[in-house]
Amino acid sequence: CRGYVANAPDFRLRFSPGSLPLIISVASSADTTLVVNGPDGRWYCDDDGGNGLNPALNFGSPMAGQYDIWVGTYGNPSMQNATLHISELSSQ
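Bear in mind the structure is a predicted one, so any value in this text is a computation, not a measurement.

Enquirer: Before we go on, may I ask you to explain the overall build of the chain in this structure?
Expert: Across its full length, the chain carries zero helices and seven strands. Beginning at the N terminus, the succession of helices and strands in the chain can be written as β-β-β-β-β-β-β. For 92 residues, the compact-globule estimate of 2.2 N^0.38 gives 12 Å, and the chain sits close to it at 12 Å. In terms of principal-axis extent, the alpha carbons of the chain reach across some 35 × 25 × 15 Å. Classification of the 92 residues of the chain by burial places 34% in the buried group. Across the chain, contacts joining residues at least 24 apart in sequence account for 72% of those joining residues at least 6 apart. A gap of 9 Å separates the mean positions of the 4 positive and 8 negative side-chain charges of the chain.

Enquirer: What is the right way to look at the sheet that holds strand β1 (residues 11–15) in this model?
Expert: The pairing of strands in a sheet comes from backbone hydrogen bonds and takes either a parallel or an antiparallel form. One open sheet holds the four strands; their spatial order is β1-β6-β3-β4, and the pairing between them is antiparallel. Two strands lie at the open edges of the sheet, namely β1 and β4 (43–46), each paired on one side alone. Ignoring strand direction, the axes of neighbouring strands in this sheet form an average angle of 20 degrees. Pairing geometry for strand β3 (residues 32–37) and strand β6 (residues 65–73), over six bridges, is antiparallel. Across the sheet, residue Leu-34 finds its bridge partner in β6, namely Val-71.

Enquirer: Before we go on, may I ask you to explain the layout of surface pockets in this structure?
Expert: To find leftover empty space, one rolls a probe the size of a water molecule over the atoms. Computed from the structure, the largest pocket encloses a volume of approximately 330 Å³. If you go around the largest pocket, you meet 15 residues; those closest to its centre are Asp-10, Val-71, Gly-72, Met-79 and Gln-80. Element by element, the count of residues in the lining of the largest pocket is highest for β6, at three residues.

Enquirer: Looking at this structure, how should I read the packing of aromatic side chains?
Expert: The description of two aromatic rings rests on the distance between their centres and on the angle between their planes. Scanning all chains against the criterion turns up four aromatic pairs. Their ring planes at 40 degrees and their centres at 5.3 Å tell us that Trp-43 and Trp-70 sit as a pair that is tilted. In this pair, Trp-43 sits in strand β4 while Trp-70 sits in strand β6, placing the two residues 27 residues apart along the sequence. With centroids separated by 5.1 Å and ring planes inclined at 80 degrees, the aromatic side chains of Tyr-44 and Phe-59 adopt a geometry described as edge-to-face. In this pair, Tyr-44 sits in strand β4 while Phe-59 sits in strand β5 (residues 56–59), placing the two residues 15 residues apart along the sequence. The pair formed by Tyr-44 and Phe-59 is uniform in burial state, with each residue classed as buried.

Enquirer: What exactly am I supposed to notice about the side chain of Thr-33 here?
Expert: Tracing the sequence through the fold places Thr-33 in strand β3. Discounting residues that sit within four places of it in the chain, Thr-33 has contacts with Arg-2, Gly-3, Val-5, Asp-46, Asp-47, Pro-55, Trp-70, Val-71, Gly-72, Thr-73 and Tyr-74.

About the cut-offs
Residues numbered from 1 in each chain as written. Predicted model: local features only at pLDDT ≥ 70, side-chain atom pairs only at ≥ 80, totals over all residues. Heavy atoms only, no water. Helix = DSSP H or I, 4+ residues; strand = E, 2+ residues; numbered from the N terminus. Rg over C-alpha atoms; globule rule 2.2 N^0.38 Å. Buried < 20%, exposed > 50% of the residue type's maximum accessible area, 1.4 Å probe, protein only. Contact = heavy atoms within 4.5 Å. Lys, Arg positive; Asp, Glu negative; His and termini not counted. Charge placed at Lys NZ, Arg CZ, Asp CG, Glu CD. Pairing = 2+ DSSP bridges. Axes fitted to C-alpha atoms, helices over the stretch in contact; angles between N-to-C directions. 1 Å grid on protein atoms, 1.4 Å probe; cavity = no way out; pocket = protein on both sides within 12 Å on 5 of 7 lines; lining within 4 Å. Points joined across faces, edges and corners; volume = space filled by probe spheres on them. Phe/Tyr/Trp six-rings, centres within 6.5 Å; stacked < 30°, edge-to-face > 60°.

Have a look at this one:
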């Protein structure tokens, strides 16, 4: 994972899946990154998979459990405004 994130997660999601995917995305005017530690203990990262410089992760068959989520910046270690989106329908 590239970029700058805090030591502690920004958000903790406890998720019970149904038949839809889990989409975690960020909307910001800054170049942001997204880091997720999934229920399986694996790390998932994205930089520009969403709209423009925004990151997005799509879990097609999401697992039940806890998702620890970090929103960071790519090239600048300063804090930036960002909105975290969690959906089963679409990314922002």
